[in-house]
Amino acid sequence: MNTILVVDDESKIREVIKEYGKVNGYNVLEAQDGDSAIEIVKKEKINCIILDIMLPNIDGFTACQMIKKICNTPIIMLSARVSEEDKLLGFDLGVDDYVEKPFSPKVLMAKIKVVIDRNIAANLSNLIQFDGVSVDIEGHTVKVDDNLVHLTNKEFDLLLYFLKNPNIAISRDSLLTNIWGDDFIGFDRTVDAHIKMLRKNLGAYGDRIVTIRGVGYKFEK
């Protein structure tokens, strides 16, 4: 279940969004000021934040800036008056959308769904999975059965190249060219040595990298 955080000093606004959020299948958390919102973000996994601009203590823009230093959770700004300058400032800070008060709860729910779906799609595009192996491209990390494994840069590049070219026999020369570069002066055993270590690091899934005699290797997906 996705969790949304409603940050507004008006209890009636929070209650309305909370009720509609529950109807739409969301877990809804509340905060009445920016400081409370920041503390919640530090402790909870939030999928979308509805953030009022006019807040006590620190305004919504400042809260947004501080939240973005903690996580990249999508933020929808809520305000009774949104000027062009406000929108430009918000977008510079990473705001995903704006909703002006008074607002339609149904429209707000639709916007929440859009930003959550978009964020999920963006994260998935950086994540490749097969069996018990998960490769985070942007984070440059690999997990095997939920355990982080440490690959060298070349091992990571090899694994990613195989994943992007599944079920294709790839020659050692091609691997040398694409992973080490055209100007690399090396030998077939350079590739073989890295493949051996990569298989070892992938544990039970290392046998997915198959040796093709007289050619090179193939990743069987």
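The rules behind each value
- Residues numbered from 1 in each chain as written.
- Predicted model: local features only at pLDDT ≥ 70, side-chain atom pairs only at ≥ 80, totals over all residues.
- Heavy atoms only, no water.
- Buried < 20%, exposed > 50% of the residue type's maximum accessible area, 1.4 Å probe, protein only.
- Helix = DSSP H or I, 4+ residues; strand = E, 2+ residues; numbered from the N terminus.
- Arc of directions from axis to C-beta.
- Pairing = 2+ DSSP bridges.
- Axes fitted to C-alpha atoms, helices over the stretch in contact; angles between N-to-C directions.
- Expected span 1.5 Å × (residues − 1).

Student: Explanation requested: helix 7 (residues 172–180) in the structure shown.
Tutor: Since there are 3.6 residues in each turn of an α-helix, residues three or four apart along the chain are aligned in direction. When helix 7 is considered as a whole, its buried residues turn out to be Arg172, Leu175, Leu176, Ile179 and Trp180. Viewed along the axis of helix 7, the buried residues span an arc of 100°, placing them on a single side of the element.

Student: Please clarify how the sheet that holds strand 4 (residues 75–79) should be interpreted in this entry.
Tutor: The strands making up a sheet associate through backbone hydrogen bonding, with each pair oriented either parallel or antiparallel. Spatial strand order, 2-1-3-4-5: five strands in an open sheet with parallel pairing. Edge positions in the sheet fall to strand 2 (27–31) and strand 5 (97–100), since each of these pairs with one other strand and no more. Between one strand and the next, the sheet's axes are offset by a mean angle of 20°, whatever the strand orientation. As defined by bridge partners, strand 1 (residues 3–7) adjoins strand 2 across five bridges and the pair is classed as parallel.

Student: What should I look at first to understand helix 1 (residues 11–23) in this one?
Tutor: The end-to-end C-alpha separation of helix 1 is 18 Å, in line with the 18 Å expected for 13 residues at 1.5 Å each. Listing the buried residues of helix 1 in full gives Ile13, Arg14, Ile17, Lys18 and Gly21. The arc that holds the buried residues of helix 1, viewed along the axis, is 130°, so those residues lie on one side. Turned more than 90 degrees off the buried face of helix 1, the exposed positions are Lys12 and Val23. Positive backbone phi, at 85°, marks Gly25, one or two positions downstream of helix 1.

Worth remembering: the numbers are spatial, not functional.
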